[in-house]
Structure formats: structure tokens, C-alpha cells
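These are the residues of each chain, in order.
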Amino acid sequence: MKQILVLKTSLAARSDVEKAAKLLDSHIQIIEWNVDLEDCDRVLRVECIGLTEADIVEILNWLGYEADKLY
């Protein structure tokens, strides 16, 4: 079942997004994603199948970025 996860991140620049893109684009369970760098929370929206916010947080943490569920 498809779901949309919404997280606030520490991605601050286009270069950060490009770094994250390498893993997010290659992840088989991620259908589509985008980051709003203009938003104060630098919101990451991920359309995926079978992942949780914790999974996305782990991916970004591995790259050296912070992420947290946006309430």
C-alpha cells in the first residue's frame, strides 16, 4: 500500500538534496520524493511502499543529516 511520509530535515542546500538523491532514487520502495528547501522545516515528502518515518530518518542520518516526523 502506498503511503506518503512527511519529515522535517536538516537538508539546507541543493548540494545536500543531490547527496540524498543518490540513496533515495535508488531505494526500491521509494516511488517519488521531493524536498522543499524554501520551507523553514525543509520538508521532505516521500511516496513509498512499506517504509516508515524511522526508515527515512535512518537513511538521512547515515548521510549525516537530521530528520524527524513532521506533526
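Residues numbered from 1 in each chain as written. Predicted model: local features only at pLDDT ≥ 70, side-chain atom pairs only at ≥ 80, totals over all residues. Heavy atoms only, no water.

Give me the lowdown on helix α2 (residues 53–62), citing residues and values where you can.
For α2, the set of buried residues is I56, V57, I59 and L60. For α2, the angular spread of buried residues about the axis comes to 160 degrees, placing them on one side. Along α2, the residues that are exposed and aim more than 90 degrees away from the buried face are A54, E58 and W62. The secondary structure elements touched by the buried residues of α2 are β1 (2–9), α1 (14–26), β2 (30–36), β3 (43–49) and β4 (67–69). Just beyond α2, the residue with positive phi is G64, at close to 95 degrees. (Buried < 20%, exposed > 50% of the residue type's maximum accessible area, 1.4 Å probe, protein only. Helix = DSSP H or I, 4+ residues; strand = E, 2+ residues; numbered from the N terminus. Arc of directions from axis to C-beta. Contact = heavy atoms within 4.5 Å.)

Describe the pattern of salt bridges, and please don't skip the residues or the numbers.
Enumeration according to the criterion identifies one salt bridge in this entry. One salt bridge in this structure joins K2 and E47, with 3.4 Å as the shortest N-O distance. Here the residue K2 occupies a position in strand β1, and E47 occupies one in strand β3, the gap between them amounting to 45 residues. The class for K2 is exposed, based on a relative accessible area of 54%. (Salt bridge = Lys/Arg side-chain N within 4 Å of Asp/Glu carboxyl O.)

Give a detailed account of the pairing of β2, specifying residues and quantitative values.
Strand direction decides the pairing type here: β2 and β3, joined by six bridges, are antiparallel. Residue I30 lies in a different strand from β3, and its bridge partner there is C48. Two successive antiparallel strands, β2 and β3, enclose a turn made up of six residues, where R42 displays a positive phi of approximately 45 degrees. (Pairing = 2+ DSSP bridges.)

Give me the lowdown on the pairing of β1, citing residues and values where you can.
Here six bridges tie β1 to β3, and the two strands are oriented antiparallel to one another. Bridging from a neighbouring strand, L5 pairs with V46 of β3. Pairing between β1 and β4: three bridges, direction antiparallel. From the neighbouring strand, L7 faces β4, where its bridge partner is K69.

Which residues make up the side chain of T9, and what values do they have?
Here T9 is to be found in strand β1. With relative accessibility at 10%, the residue T9 sits in the buried group. A distance of 3.2 Å separates a polar side-chain atom of T9 from the backbone nitrogen of L11. (Polar contact = N/O pair within 3.5 Å; in protein donor to acceptor, adjacent residues only side chain to side chain.)

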